[in-house]
Amino acid sequence: MNRTPSDTPADPTIRTVLGDLVPAGLGVCDAHDHLFLRSPQLPGQELDDPAAAAAELRAFRAAGGTAVIQWTPYGMGRGAAELPRLARESGVHIVAATGLHQAAHYTPEVLEHLRSGLAELFVAELTEGIGGTGPRAGMIKVAGGFHGLDAHARHTMAAAAEAQRATGAVIGVHLELGTGATAVLDLLCGELAVPPDRVILGHLNRSPDLVVHRTAAEAGAYLAFDGPSRAHHATDWRLPEALAALAEAGFGDRILLGGDTTTAGARSVNGGPGMPHLLRRHRERLEVALGKDLVTRFLTVNPARAFAADWTRAPRTPAPHRSRDTRRAPTA
């Protein structure tokens, strides 16, 4: 995969699993998805097959996609050892995540192990590599709760804010059923002083509250509308209305689109919509409602800006914690 060097060392770049990339090289981006994922909350639906991940990337590439941001955080089977090979073979840029999801996705033993030194872990994975030897992460993933933030979320977000200050990385936030955006911004951008444009609020399509959407955009955060074609969420049928309202209010530069494939059955190679759906029927429908130029901006210009960071200020010394995700590569 060709990489375009930055003009100067201080230029913002996007940290992919194959190295840093100038934003203009990102292309058409699925701003929130998963190639690998496992959780006790999704038994029997693990994304843990490298061959299936490779097939999904080929299908995404055939649909015109050139970049995927994988939001799978620490301890949820990121497949970090597989990602560089998949990126090289598919020709698709892949950005990996550090961070931590809700407590329900981990055993008590893992959470106890991570109780201290969490920020150092995030910084190490962003600057040194996942597992100490794997590819470097390019974003931080954290999670809120339903309409609020519990102690785990507050602890995790405090660590994410510290790591963000050290590295410049963007923080992506899972909003449970699309709720709690204001609480997240109050904590991250208020108490913890994270710049709003370093925050991406995920799953806003799941709660089509146009007032909340506009409030978050006015604050300066990025808004991710991801997970199309989930019948139990108000996604596809309300999305044109929500995006049009934001664009008409002058916030078209805040919008990101993603697929958020979280189960094996949802992959296109298994008969589901998968990653290609974002760039086929979903994109076509949005273009009818909003116009091709605006939707293209959502998929190209906006993610290129959102995921770029000034990594030159990041520390280069290893931190004490190391991820365990790369001790053994996922098997087919």
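In this text, all values refer to a predicted model and were calculated from it rather than measured experimentally. (Residues numbered from 1 in each chain as written. Predicted model: local features only at pLDDT ≥ 70, side-chain atom pairs only at ≥ 80, totals over all residues. Heavy atoms only, no water.)

## Some remarks on the packing of helix α1 (residues 50-62) against helix α2 (residues 83-90)
Direction vectors running N to C along α1 and α2 enclose 35°, while the axes themselves pass 10 Å from each other. Crossing of α1 against α2: the hand is right-handed. In this structure, α1 contributes Pro50, Ala53, Ala54, Leu57 and Arg61 to the contact, and α2 contributes Arg85, Leu86 and Ser90. Looking at the contact of α1 with α2 residue by residue, the classes come out as 5 nonpolar, 1 polar and 2 charged. (Axes fitted to C-alpha atoms, helices over the stretch in contact; angles between N-to-C directions. Helix = DSSP H or I, 4+ residues; strand = E, 2+ residues; numbered from the N terminus. Left-handed = near helix turned anticlockwise from the far one by under 90°. Contact = heavy atoms within 4.5 Å. Nonpolar A, V, L, I, M, F, W, Y, C, P; charged D, E, K, R; others polar.)

## Comments concerning the pattern of salt bridges
Following the criterion strictly, the structure yields 12 salt bridges and no others. Ionic pairing is found between aspartate 253 and arginine 254, a salt bridge with its closest N-O pair at 3.7 Å. A salt bridge links glutamate 284 to arginine 281; the shortest N-O distance between them is 3.3 Å. Placement of both glutamate 284 and arginine 281 in helix α10 (residues 281-290) is noted, with a separation of 3 residues, approximately one turn of the helix. Its relative accessible area of 39% is what places glutamate 284 among the partly exposed residues. For arginine 281, a relative accessible area of 61% puts it in the exposed group. Here the salt bridges do not stand alone but share partners, grouping Arg15, Asp20 and Arg136 into one network. (Salt bridge = Lys/Arg side-chain N within 4 Å of Asp/Glu carboxyl O. Buried < 20%, exposed > 50% of the residue type's maximum accessible area, 1.4 Å probe, protein only.)

## A look at the nonpolar core
Judged by nonpolar contacts, the single largest core of 81 residues is most densely connected at Val173, Leu201, Phe225 and Leu257. With sequence-adjacent residues up to four places away left out, phenylalanine 225 is seen in contact with Leu204, Asn205, His213, Leu239, Ala242, Leu243, Leu246, Ile255, Leu256, Leu257 and Gly258. (Core = buried A, V, L, I, M, F, W, Y, C linked by side-chain atoms within 4.5 Å.)

Everything listed here is a matter of coordinates, which is why it stays silent on function.
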